[in-house]
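Residues per chain are reported as follows:
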Amino acid sequence: MATARWSSGFGFILATVGAAVGLGNIWRFSAVVGQNGGGAYLVPYLIAAVVCAVPMLVLELAIGRRLRTDVVSAFRSVKTDYTALGWVILGGVLLILSYYLVLTGWVLGFFLSWLAGSQTTFAPFTASWLPVGFFVVATVVTGGVVSMGVRGGIERMATVVMPTVFALLIALALYAVTLSEWDRAAAFLFTPEFSVLTDLGIWSAAFGQVFFSMSVGQGIMLTYGSYVEEGTDLLKSSFVITVADIGAAILAGLVIFPIVFSFGLQPTLGTELAFTTLPTAFATMPFGRVIAIGFFGLLFFAALSSSVALLEVGVAAAENTTRLSRQRATLLLTGGVFVAGVPSALSYSPINLAVAGRPVLDMIDESVGTFALPISALCIVFVFVWVTDLEIVHEELGRLYPLVRYLIPSVLVVVTAARTVGIARPAWRLLVDHTRNGPLGLLVAAAFLLAFAVLGWVLRDRLPAPPRLRGRRR
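Reading the values: rules and limits
- All residue numbers refer to positions counted from 1 along the written sequence of the respective chain.
- In keeping with the predicted nature of the model, local features appear solely for residues at pLDDT of at least 70, side-chain atom pairs appear and are counted solely at 80 or more, and the whole-chain, interface and lining totals rest on all residues.
- Derived side-chain values reflect all non-hydrogen atoms in the structure, with water molecules and hydrogen atoms excluded from consideration.
- Values of pLDDT, the confidence the predictor places in each residue, fall between 0 and 100.
- In this text, helices come from DSSP runs of H or I with a minimum length of four residues, and strands from runs of E with a minimum of two, each type numbered from the N-terminal end.
- Here, residues are in contact when the closest pair of their heavy atoms is within 4.5 Å.
- Only a pair of cysteine sulfur atoms within 2.5 Å counts as a disulfide in this structure description.
- The buried label applies to any residue whose accessible area, calculated with a 1.4 Å probe on protein chains only, is under 20% of its type's maximum; exposed applies above 50%, and partly exposed to all values in between.
- By definition here, a salt bridge exists when the distance from a side-chain nitrogen of Lys or Arg to a carboxyl oxygen of Asp or Glu is within 4 Å.
- Using only the protein atoms, space was sampled on a 1 Å grid; points where a 1.4 Å probe fits but cannot get out form cavities, open sets with protein on both sides within 12 Å along at least five of seven lines form pockets, and lining residues are those with an atom within 4 Å of a point.
- Grid points are joined across faces, edges and corners, and a volume is the space filled by probe spheres set on the points.
- By the convention adopted, Pro, Cys, Tyr, Trp, Phe, Met, Ile, Leu, Val and Ala count as nonpolar, Lys, Arg, Asp and Glu as charged, and the other residues, Gly among them, as polar.
- Think of it this way: the bend at a residue is just the angle between two axes, each fitted to seven residues, one set ending at that residue and the other starting at it.
- A helix is expected to span 1.5 Å multiplied by its residue count minus one.
- Polar contact is defined as a pair of N or O atoms within 3.5 Å, subject to the rule that within protein one atom must be able to donate a hydrogen and the other to accept it, and that residues adjacent in sequence are counted only when both atoms are side-chain atoms.
- In this analysis, a patch consists of residues with relative accessible area above 30% that form no salt bridge, clustered at 9 Å for like charges and at 5 Å for the nonpolar side chains Val, Leu, Ile, Met, Phe, Trp and Tyr.
- Using a 1.4 Å probe, the Shrake-Rupley method yields the accessible areas, and only the shown protein chains count as cover for residues.
- Stacked, tilted and edge-to-face pairs are distinguished by plane angle, under 30 degrees for stacked and over 60 for edge-to-face with tilted covering the rest, among Phe, Tyr and Trp rings (Trp via its six-membered ring) whose centres lie within 6.5 Å.
- Only when the NZ of Lys or the CZ of Arg is both within 6 Å of the ring centre and within 35 degrees of the ring normal is a charge said to sit over the ring.

Here's the deal with the confidence of the model for the protein
Parts of the prediction with low pLDDT should not have their coordinates interpreted in detail.
Right, so step 1: When pLDDT is averaged across the protein, the result is 86; 91% of the residues are at 70 or more.
Right, so step 2: Put simply, helix 19 (residues 439-459) is where the protein has its lowest mean pLDDT, 75, and helix 7 (residues 130-147) is where it has its highest, 97.
Right, so step 3: Long-range and interchain partners of residues 426-435, a stretch whose pLDDT sits below 50, account for 43 contacts in this model, where long-range means more than four residues apart.

Right, dumping it as structure tokens:
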């Protein structure tokens, strides 16, 4: 059982906003918007946030507060056999973290490069061993924060990082207003094109982005919910988190798209924009170095807060299901994630590590990174809504309950199917020419997650038994 607690409601909000606001808001959101028609994409995105993200946030937070435990023990509290599903979620989170830390290292490297005046771009950066070195630094920093505990590490970091992130976003957006094509960028971002709303790919991209950006369906909010004090209004908190998350994403768009249009760049380039074309624009624009430092610093702080949240899911599980202290659990998990992430770090290095011609990082992203989240979210809904039908879930969700029980599972199935057949747009588009989504990605993801499920099944009777959880009496 979790004994740690957030020090205040404000600390809880900052920590959860920190978990939600990451590269998905600033880097990935603008890429997906650019690839999906600008304002046309915002309509399904906002709908998805209201009908899916908010109910899922309430669901996970309510489960976490009710059980006061980690994601693995939460599933085991329903039935021992469901322990394997907890391991599926845990495994997916740690695999995502293994390459997310590589991306975190990249933005740290660019931040320090521009701070030092070397003004690097992607090609020379990945031609050196710097990506590997900064991956090590990002991993150590993330592990260090988590090792200091819920209040002393995660919450303390959030109280510094999140105000900094929003301050930088606002400052950069104010600068973007002075650029020549700001009006065009604002029109691109906010002018809806209802004629394209029949495109299933846009809807799939919007719902997929919301789940990824809000950190729902991964056990993060369930874990953070276990530290919430009784009496906290979870529905209100979920709306605040959602508004902050959407606000960060739209502010990021108001930073990136004016630069894109003012310097003749293409909004459809995807996420390679952050490391290739934007640095070129920074080098020529007035105050470009200052803007670059602010931009990459913003990316790093946002990525760090999300990395910490991902690692906390694993550390909480290890701490609750073993006799390990938080420090030892953090050391063990950080070491395991580091080992798992080394192949991804070497993918964009002088070695160019690849499997069947595919960079390892791209392969992990297009498999686990693309499919683990909807699978994990389906596991949570299946066990805690369809199997147990918890009274606390009904109380917290109220009229939103049917969305969790019926709509969200349907959406997750459709999104997964769309990604499998290649309708949905790719997740990160690290390099445009490398992207391939399809059945192979699903098979690779299923293989990885099945391995964790088997491990969880084998260990299901060797873990301490949490209190049994019972659903409503009918």
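A few points about the state of the cysteines
Right, so step 1: All told, the structure shown has zero disulfides when counted by the stated rule.
Right, so step 2: A disulfide-free cysteine, Cys52 has its sulfur positioned 17 Å from the sulfur of Cys379, the nearest such atom.
Right, so step 3: The buried category is assigned to Cys52, whose relative accessible area is 0%.
Right, so step 4: Taking the relative accessible area as the measure of exposure, Cys379 reaches 11% and is therefore buried.

Quick look at the pattern of salt bridges
Right, so step 1: Inspection of the entire model under this criterion finds six salt bridges.
Right, so step 2: Its salt-bridge partner being Arg68, residue Glu230 comes within 3.2 Å of it at the nearest N-O pair. Highlighted residues: Glu230 in the loop between helix 11 (220-225) and helix 12 (234-262) and Arg68 in the loop between helix 3 (39-67) and helix 4 (71-78), separated in sequence by 162 residues.
Right, so step 3: The exposed category is assigned to Glu230, whose relative accessible area is 56%.

Here we look at unusual backbone geometry
Right, so step 1: In this model, Ser215 sits at a positive phi of 60°, which is unusual for a non-glycine residue.
Right, so step 2: For Ser215, the position within the fold is in the loop between helix 10 (200-213) and helix 11.
Right, so step 3: Residue Asn352 is not a glycine yet carries a positive backbone phi of 55°.
Right, so step 4: Mapped onto the elements of the fold, Asn352 is located in the loop between helix 15 (326-347) and strand 1 (354-355).

Considerations on the layout of surface pockets
Right, so step 1: Roughly 360 Å³ of volume is contained in the largest pocket.
Right, so step 2: Residue assignment for the lining of the largest pocket shows that the elements contributing at least two residues are helix 5 (83-116), helix 14 (288-321), helix 15 and helix 19.
Right, so step 3: A per-class count over the lining of the largest pocket returns 15 nonpolar, five polar and no charged.

A look at helix 16 (residues 360-387)
Right, so step 1: Along helix 16, the largest kink reaches about 35° and is centred on Ala372; proline Pro374 follows within four residues of it.
Right, so step 2: Burial analysis of helix 16 places 22 of its 28 residues in the buried class, which makes it a mostly covered element.
Right, so step 3: Just past helix 16, the residue Asp389 takes up positive phi, approximately 50°.

As for empty space enclosed by the protein
Right, so step 1: All chains considered together, the criterion is met by six cavities of 30 Å³ or more.
Right, so step 2: Of the pockets and cavities examined, the largest cavity occupies roughly 130 Å³.
Right, so step 3: Tyr100, Phe212, Ser215, Gln218 and Ser306 are, among the 15 residues lining the largest cavity, the residues nearest its centre.
Right, so step 4: Where the lining of the largest cavity is concerned, the elements lending two or more residues are helix 1 (9-20), helix 2 (23-35), helix 5, helix 10 and helix 14.
Right, so step 5: Ranked by residue count, the leading element in the lining of the largest cavity is helix 2, at three residues.

Focus on helix 8 (residues 150-176)
Right, so step 1: Between its terminal C-alpha atoms helix 8 stretches 36 Å, which fits the 39 Å expected from 27 residues at 1.5 Å a residue.
Right, so step 2: A maximum bend of about 30° is found in helix 8 at Thr159, where proline Pro163 lies one to four positions downstream.

With respect to the environment of Tyr45
Right, so step 1: Checked against the element boundaries, Tyr45 lands in helix 3.
Right, so step 2: In this structure the C-alpha to C-alpha distance between Tyr45 and Ser204, which are 159 residues apart in sequence, comes to 9.5 Å.
Right, so step 3: Setting aside residues no more than four positions away along its own chain, Tyr45 makes contact with Phe29, Ala206, Gln209, Val210, Ser213, Asp245, Ile246 and Ala249.

A few points about the side chain of Arg405
Right, so step 1: With respect to the helices, strands and loops of the structure, Arg405 is situated in helix 18 (residues 401-420).
Right, so step 2: Side-chain polar atoms of Arg405 contact the side chain of Tyr406, separated by 3.4 Å.
Right, so step 3: Excluding anything up to four places from it in sequence, Arg405 contacts Val385, Trp386 and Asp389.

Details of a nonpolar patch on the surface
Right, so step 1: Together, Phe382, Trp386, Val387 and Tyr406 give the surface a local cluster of nonpolar side chains, amounting to about 390 Å² of exposed area.
Right, so step 2: The element that contributes the greatest number of residues to the nonpolar patch is helix 16, accounting for three residues.
Right, so step 3: With respect to the helices and strands, Phe382 occurs in helix 16.

What to know about the packing of aromatic side chains
Right, so step 1: Per the counting criterion, the structure on display carries 27 aromatic pairs.
Right, so step 2: Grouped by ring-pair contacts, the aromatic residues Trp106, Phe110, Trp114, Phe122, Phe125, Phe134, Phe275, Phe282, Phe295, Phe296 and Tyr348 constitute a single cluster.
Right, so step 3: The ring of Trp386 has Arg405 lying over it, and the distance from NZ or CZ to the ring centre is 3.9 Å.

Details of the environment of Val72
Right, so step 1: One can find Val72 in helix 4.
Right, so step 2: Along the chain, Val72 and Ile241 lie 169 residues apart, while their C-alpha atoms are 25 Å from each other.

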